[in-house]
Amino acid sequence: MIAMDFSISRKTIFALITLAAISFYITYLFSSCIASNMSKGMPKWRHNPVVANEIPLIQYSTSVRVVSLLESNETDISPKYRLFREQGLHPVRQLPSALVIGVKKGGTRALLEFIRIHPDVRAAGSEVHFFDKNYHRGFQWYRSHMPPTLEGQLTIEKTPSYFITKEAPRRVQMMNPSTKLLVVVRDPVTRAISDYTQAASKKPEMKTFEEMVFINGTVGSIVDTSWGPVKLGLYYKYLTRWLKFFPLSQLLFISD
């Protein structure tokens, strides 16, 4: 009797194990089917612009969502660009379609950092100085200093000295007459003091601000408008040059 009970118990255990294995296999197949269907239903990167007549389940308001914006000029070998290539996307370097052209010590860096937070904006990591110091190197050289971008992204570059460079307006127009121009203006006196402070920090032997800003160094006398920090604050002189090549509608002024 004891032997029979032991035999029945073994059969029961075997049957339970078999049922458990079948149940696990069925569950695995069911889960795999669900995962496959979810993967097909997930939104994917578009290779073409969104067509207005399309009615997708999910439609992004912007074409880019995973681009890191706080790094400097990345190269095509970085992990994120390998990921883009795996998805059939090919970032390329483009000439900028917008420029922050000035003014020095006006807050141009802060402006650029705020703008580049937007996922559809890519900015050169440092001042390229193409239209004032490196124009002889050619547009191919300039392009090589731009960050890779995807279709739909905006490339932007900042060099404040463009605003006062005599040849810059014509050169920018030759690159693209539709270029958007951003100018950060600041109270001329405050800007001049900030400009002087930066220079004095590098040259402790410099004369005082009062000695530099007034003719003959006499406080209360005529302001020396030929002195760099003061001269740069005469915005109308430089703006007149830019308006000869670009309509006012293409310039945006930001007051600090």
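Look above for the structure.
Residues numbered from 1 in each chain as written. Predicted model: local features only at pLDDT ≥ 70, side-chain atom pairs only at ≥ 80, totals over all residues. Heavy atoms only, no water.

### Topic: the packing of aromatic side chains
Now for step 1: Using the criterion set out here, one finds 14 aromatic pairs in the structure.
Now for step 2: Note on Phe 131 and Tyr 135: the rings are 6.3 Å apart at their centroids and 35° apart in plane angle, and the pair reads as tilted.
Now for step 3: Here the aromatic residues Phe 130, Phe 131, Tyr 135, Phe 139, Trp 141, Tyr 142 and Tyr 162 are joined through ring pairs into a cluster of three or more. (Phe/Tyr/Trp six-rings, centres within 6.5 Å; stacked < 30°, edge-to-face > 60°.)

### Observations regarding the pairing of strand β5 (residues 154–158)
Now for step 1: Counting buried residues along β5, four of its five residues qualify, which places the element largely inside the surrounding structure.
Now for step 2: In this sheet, β5 lies alongside strand β2 (residues 98–102) in parallel orientation, the contact comprising three bridges. Among the inter-strand pairings, Ala 98 is bridged to a residue of β5, identified as Ile 156.
Now for step 3: As paired strands, strand β3 (residues 121–123) and β5 are joined by three bridges and run parallel to one another. For Ala 123, the partnering residue across the bridge sits in β5 and is Ile 156. (Buried < 20%, exposed > 50% of the residue type's maximum accessible area, 1.4 Å probe, protein only. Helix = DSSP H or I, 4+ residues; strand = E, 2+ residues; numbered from the N terminus. Pairing = 2+ DSSP bridges.)

### Quick word on the side chain of Arg 116
Now for step 1: Mapped onto the elements, Arg 116 comes out in the loop between α3 (108–115) and β3.
Now for step 2: Classification of Arg 116 as buried rests on a relative accessible area of 4%.
Now for step 3: Separated by 3.2 Å, the side chains of Arg 116 and Glu 113 make a polar contact.
Now for step 4: A distance of 3.4 Å separates a polar atom in the side chain of Arg 116 from the backbone oxygen of Ala 123. (Polar contact = N/O pair within 3.5 Å; in protein donor to acceptor, adjacent residues only side chain to side chain.)

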